[in-house]
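# Coordinates in review
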Amino acid sequence: MDDVLVERMRGFGTTVFAEMTALAVRTGSINLGQGFPDTDGPPAMLRRAADAIAHGHNQYPPGPGLPELRQAVAAHHQDHYGLSYDPGAEVLVTVGATEAIAATVLALCEPGDEVIVFEPYYDSYAAAITLAGAVRRTVTLRPDGGRFAFDPTELRAAVTPRTRAVLVNSPHNPTGTVFTGEELAAIAALCQERDLVAITDEVYEHLTFDGVPHVPLATLPGMRERTVMISSAGKTFSVTGWKTGWICAPARYVRAVQTVKQFLTFTAAAPWQLAVAYALREELGWVAGLRESLAAKRDRLAGGLAAAGFGVYRPAGTYFVQADIRPLGFTDGAELARRLPELAGVVAVPTQVFYDHPEAGRSFVRFAFCKRDEVIDEAVGRLAGLRATPTG
């Protein structure tokens, strides 16, 4: 049936997350591939959602989102970042951050416009840019002093007269990098010099470790007026299945994105919106505990991977650890990821699938640590046997 798919999307098959999760199910392996927790979010928030369903909040909410959630998002951004957004005109609720990104790219990019992304990138970015008929330009994050970083010279060189936007993901999936103040300043300076829109994916905004702060690009001088700031409840409150996200941006951008979004999904589920509005106001203490728990899980997995012989990059944020497979004698992450269920009963994601230039990520696989401790321990115990595995 591939002949019926429009040509521009023929390079996009089943996502790697769906593929690797199906592989885990089929083989009975431990799934450290797809980034979803195996425990639930704050109990009071879950009760709010159930109560909303029981009390009749089951029809279409307003297209821009329930006022309660838009107000809660605006208050959150004011309290945490000192950013003032009008909840009536500058906040839009979306069906997760993935829809927010797609609708923003579709709304702001004409065919032939160029969008800069940092590779490795979350796979929906490439699809959204292609759907818009725009052109993807990549700037590579490379290992540098225990983290992945970009070269500001390469970023500047990626801009052409056709460049419309820069898509920035920090904390960054899949590397776990949190962009430094200097890196953000380089992006901001370029956006202002070349009149670019910044689209910022900040879904891991509350999941940074070791005292590393999350600094929204919109807080830098001159950036609020040219930034579409995107986040969601899924990672913050461990409810990835709720698909409740939002954008905060100047009113002209919100109007543009809403024009597209209304013909994609029209609106997002009302019960989840009410529950997330409550959680943004009342459950950030729970999130602080989650952050501490995830930092410990990161260390648990990173230590286990190092003991198993992997080279390990300790992330400053997100759910993910990048592991270098070369110390174990392997050279191709995609090949190893597909063999891991057989070799160790564990599923990971090959990092190279998130690159336009796959060779840059060929020696890495991504493991998720947003799992119960006993699951992590069982996985690293199984992976310990890879030292004795023939690589030929």
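This structure is a prediction, so every number in the text was calculated from the model and none was measured. (Residues numbered from 1 in each chain as written. Predicted model: local features only at pLDDT ≥ 70, side-chain atom pairs only at ≥ 80, totals over all residues. Heavy atoms only, no water.)

### Re the overall build of the protein chain
Looking only at helices and strands, one finds 13 helices and 15 strands in the protein chain. Compactness check: the protein chain gives a C-alpha radius of gyration of 21 Å against a globular reference of 21 Å for 392 residues, within 12% of the reference. With the C-alpha coordinates aligned to their principal axes, the bounding extent of the protein chain is approximately 60 × 55 × 50 Å. Looking at the protein chain residue by residue over its 392 residues, the buried ones come to 57%. Carbon and sulfur atoms provide 52% of the accessible area of the protein chain, an area that totals close to 15,600 Å². Computed over 36 positive and 43 negative side-chain charges, the inter-centroid distance for the protein chain is 1 Å. (Helix = DSSP H or I, 4+ residues; strand = E, 2+ residues; numbered from the N terminus. Rg over C-alpha atoms; globule rule 2.2 N^0.38 Å. Buried < 20%, exposed > 50% of the residue type's maximum accessible area, 1.4 Å probe, protein only. Areas by Shrake-Rupley, 256 points an atom, 1.4 Å probe, with all protein chains shown as cover. Lys, Arg positive; Asp, Glu negative; His and termini not counted. Charge placed at Lys NZ, Arg CZ, Asp CG, Glu CD.)

### A closer look at the sheet that holds strand 9 (residues 227–232)
Across the sheet, which stays open at both edges, the seven strands sit in the order 2-10-9-8-7-3-4 with mixed pairing between neighbours. Each of the sheet's edge strands pairs with one partner strand only, and the pair in question is strand 2 (91–94) and strand 4 (135–140). In this sheet, adjacent strand axes meet at a mean angle of 20 degrees when their direction is disregarded. Against the sheet, helix 9 (residues 251–261) engages strand 2, strand 8 (197–201), strand 9 and strand 10 (245–248), with an angle of about 25 degrees to strand 2. (Pairing = 2+ DSSP bridges. Axes fitted to C-alpha atoms, helices over the stretch in contact; angles between N-to-C directions. Contact = heavy atoms within 4.5 Å.)

### So, the packing of helix 2 (residues 43–54) against helix 10 (residues 270–282)
Two elements in contact, helix 2 and helix 10, have axes whose closest approach is 8 Å; the angle formed by their N-to-C orientations is 145 degrees. In terms of crossing hand, the pair formed by helix 2 and helix 10 is right-handed. For the pair helix 2 and helix 10, the contacting residues are A44, M45, R48, A49, A52 and I53 in the first and P271, W272, L274, A275, Y278 and A279 in the second. Considered class by class, the residues forming the contact of helix 2 with helix 10 number eleven nonpolar, no polar and one charged. (Left-handed = near helix turned anticlockwise from the far one by under 90°. Nonpolar A, V, L, I, M, F, W, Y, C, P; charged D, E, K, R; others polar.)

### Notes on the UniProt feature "domain: Aminotransferase class I/classII large" (unreviewed entry) in the protein chain
Following the UniProt record, the feature "domain: Aminotransferase class I/classII large" (unreviewed entry) maps to residues 30–383 here. Strand forms 18% of residues 30–383 and helix 41%; the C-alpha atoms that close the span are 11 Å apart. (UniProt positions renumbered as here; feature names shortened; annotations may be inferred.)

### Describing the sheet that holds strand 15 (residues 364–368)
Strand order in this open sheet of four strands is 11-12-15-14, and the pairing throughout is antiparallel. The sheet is open, and its two borders are formed by strand 11 (311–313) and strand 14 (349–350), each paired with just one other strand. Pairing of strand 14 with strand 15, which is carried by two bridges, proceeds in the antiparallel orientation. When the bridges of strand 15 are listed, V349 appears paired with R366.

### Some words on the packing of helix 3 (residues 67–81) against helix 10
The packing of two helices is summarised by the inter-axis angle and the distance between the axes. Where helix 3 contacts helix 10, the two axes come as close as 8 Å, and the packing angle between them is 25 degrees. By the angle between their directions, the pair helix 3 and helix 10 is classed as roughly parallel. Between helix 3 and helix 10 the crossing geometry is left-handed. Contacts between helix 3 and helix 10 involve E68, L69, A72, V73 and H76 from the first element and Q273, L274, V276, A277, L280 and R281 from the second. In the contact of helix 3 with helix 10, the residues fall into seven nonpolar, two polar and two charged. (Parallel < 35°, antiparallel > 145°, perpendicular 65-115°, else oblique.)

### A short note on the packing of aromatic side chains
All chains considered together, the criterion is met by 14 aromatic pairs. Taking 5.4 Å as the distance between ring centres and 80 degrees as the angle between the ring planes, the aromatic pair formed by Y204 and Y319 counts as edge-to-face. Taken together, the residues Y204 in the loop between strand 8 and strand 9 and Y319 in the loop between strand 11 and strand 12 (320–324) connect sequence positions 115 residues apart. Residue classification places Y204 among the buried positions, given a relative accessible area of 3%. With a centroid separation of 5.7 Å and 70 degrees between ring planes, the pair formed by Y313 and F364 is classed as edge-to-face. Highlighted residues: Y313 in strand 11 and F364 in strand 15, separated in sequence by 51 residues. (Phe/Tyr/Trp six-rings, centres within 6.5 Å; stacked < 30°, edge-to-face > 60°.)

### Description of the environment of F310
Within the secondary structure, F310 sits in the loop between helix 11 (284–308) and strand 11. Counting along the chain gives 76 residues from F310 to L386, while the straight-line C-alpha distance between them is 9.5 Å. In this view, F310 contacts L305, A323, D324, I325, P327, L328, F367, L383 and L386; residues no more than four positions away in its chain are not counted.

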